[in-house]
Structures are given as C-alpha cells and as structure tokens.
Amino acid sequence: MREVRLRFCKQGRLKYISHLDINRAMARAFSRAEIPLWYTEGFNPHPYMSFSLPLSLGVESLCESVDIRLIEEMPNDEIKKRMNAVLPENLKIIDVYDDFRDCNEIVYSDYVFKFAFSDNDCAFAKIKSVLDSEQILALKKGKKGKKRIFKETDIKTFIEKYNISIRDDLIILNIRLFAGPEKNLNPSLLFDTIIRLIDMDFEWKSISRISLLDKNYKEFR
C-alpha cells in the first residue's frame, strides 16, 4: 500500500460548493478514473481521503490537497492524467507526489482579496486604518443557552502581515493569516469585518488562497 498526495486547485464557480461537496466530487472522480483506492473497513466502507485544510465557502484556492492510499501500483503521472480527464471544469490536479508533510505543520495561509468601491482611494485609507489598528473586533456567532448571539472577538492577533494596493481599478489585499489547528482565522469573517467597519458599498470580486506555510514560512507540501 502506498500513500500519495494530490495537490489541486478550486476556482471559478466551484468556489460556491462546500467542502463536503468537494469530498463527494473527488470520491466520484477517483471511481470514474479507476484509481485503485484503499477503502476503510467496517459496516460502511468508504474510500480513504484526507484533506489538508477545509476551504471556506466562496473562496478560491491554488493549494488544496487530498491524501489517498493505493492498493495497486500506479505512476503518479498516470493518476494526474486520469483524474484531470474526469474532474469538472475549475477543479484540476496540479501535482501528485509521495514525499509530503503532516497537516499539523500548517501554521499560516496566504490570501489575496480583490474588491472595488466607487471611491477606491477613500476605501484604501479606511481599510488600511482598520488593519493598522490595535484591535479589530469581529462579530462571531455563538450561543447563550438555546439563543444564538453575536460575540465581539479581537482578530488582530490572527493577522501575521499584509500589503494593500490599488491596481486596475481594484483594491488588492495580500494578507497572511494564522491557519493552524490551534489558531486560525476564516478569511470570510475578516472580509465581513472589514466591510462592516469601513461602512462603504462595494463590489466583491474574489478571495483566493494562494499558499499554505509552516512555522518557518516555508511552503507546505
């Protein structure tokens, strides 16, 4: 039995399907591609698949990965070729490899936010002021007994670094967030918080995860 990792991208309209849907799509693709997967044992066997880090709904990514176990030998190039022949548009295998790291080593994630405003210069100044402030208070959903409430949470410490610019009539925010098992920030929560605090109408373009990093800022693979 051999364990391999498939690195894939999720873009375009597929950003609107959930992590569970991606799981199902991959399982069906492995079956159609006739990849010899190892199945779990027990009453309800299912193909072994382990994803690195679930992706928020509405977020694109260039650095997703899923680990599988093979019960028969098949070259990595053949796995990639077969999978890309059956996967839907905007869900493609970038690489297949054997030597990979444990997902617990993920600490940071790099994102690119793109959005536009009627007055980008004003929005730029307001967004920068929010990100430079000592506290960034987000409203997170919680429960008090059976009642759902919103609780203020400071997310400033979940931001490692950022760079903001205006290019081609868009505000581009490159930002590094904590993304490990113990400390992580949902990019959608950050986006919603920024928009709430600057209080400006906007045209949302995209949020993309472009890389995962370890504690030493080296690319996770």
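This write-up is about the structure you can find in this document. Model, not experiment: these values are computed from the prediction.

Counting buried positions over the 9 residues of strand E5 (residues 108–116) gives 8, a clear majority of the element. In terms of strand pairing, E5 meets strand E9 (residues 170–178) through 8 bridges, oriented antiparallel. Bridge pairing in E9 places Phe113 opposite Leu173.

Attention now goes to the packing of aromatic side chains. On inspection of all chains with the given rule, the structure shows 9 aromatic pairs. Between Tyr108 and Phe178 the ring centres are 5.0 Å apart and the planes differ by 50°, which places this aromatic pair in the tilted class. Placement of Tyr108 in strand E5 and of Phe178 in strand E9 is noted, with a sequence separation of 70 residues between them. In this pair, the class of Tyr108 matches that of Phe178, namely buried. Through pairs of rings, three or more aromatic residues link up here, namely Phe113, Phe115, Phe117, Phe191 and Phe202.

With respect to the secondary-structure elements, Asp110 resides in strand E5. Setting aside residues up to four positions removed in sequence, Asp110 forms contacts with Ile175, Arg176, Ser208, Arg209, Ile210, Ser211 and Leu213.

Right, let's get into the pairing of E9. A large share of E9 lies buried, amounting to 8 of its 9 residues. Bridge count between strand E8 (residues 159–167) and E9: 8 bridges; the pairing is antiparallel. Paired with Ile159 across the strands is Leu177, a residue of E9. Linking E8 to E9, which pair antiparallel, is a turn of 2 residues; within it Asp168 sits at a positive phi near 55°.

Now for the side chain of Asp214. With respect to the helices and strands, the residue Asp214 is situated in the segment after strand E10 (203–213). A relative accessible area of 6% places Asp214 in the buried class. Within the local environment of Asp214, its side chain forms a polar contact with the backbone nitrogen of Asn216, the two atoms lying 2.8 Å apart. At 2.8 Å, the side chain of Asp214 and the backbone nitrogen of Lys218 are in polar contact.

A few words on helix H4 (residues 187–198). Each α-helix winds once per 3.6 residues, and so residues spaced three or four apart point in a common direction. The end-to-end C-alpha distance of H4 is 17 Å, a good match for the 16 Å that 12 residues give at a rise of 1.5 Å each. Within the span of H4, buried status applies to Pro187, Leu189, Leu190, Phe191, Thr193, Ile194, Ile195 and Ile198. Among the residues of H4, the N-terminal cap falls to Asn186, whose side-chain oxygen and the backbone nitrogen of Ser188 are separated by 2.8 Å. Backbone geometry just after H4 places Asp199 at a positive phi near 55°.

The geometry of helix H3 (residues 120–132) relative to H4 is characterised by a closest axis approach of 10 Å and an angle of 115° between their N-to-C directions. The handedness of the crossing between H3 and H4 is right-handed. Touching Lys126, Ile127, Val130 and Leu131 of H3 are Ile194, Leu197 and Ile198, all from H4. Along the lines of polarity and charge, the residues of the contact of H3 with H4 split into 6 nonpolar, no polar and 1 charged.

So, how was this worked out
Residues numbered from 1 in each chain as written. Predicted model: local features only at pLDDT ≥ 70, side-chain atom pairs only at ≥ 80, totals over all residues. Heavy atoms only, no water. Buried < 20%, exposed > 50% of the residue type's maximum accessible area, 1.4 Å probe, protein only. Helix = DSSP H or I, 4+ residues; strand = E, 2+ residues; numbered from the N terminus. Pairing = 2+ DSSP bridges. Phe/Tyr/Trp six-rings, centres within 6.5 Å; stacked < 30°, edge-to-face > 60°. Contact = heavy atoms within 4.5 Å. Polar contact = N/O pair within 3.5 Å; in protein donor to acceptor, adjacent residues only side chain to side chain. Expected span 1.5 Å × (residues − 1). Axes fitted to C-alpha atoms, helices over the stretch in contact; angles between N-to-C directions. Left-handed = near helix turned anticlockwise from the far one by under 90°. Nonpolar A, V, L, I, M, F, W, Y, C, P; charged D, E, K, R; others polar.

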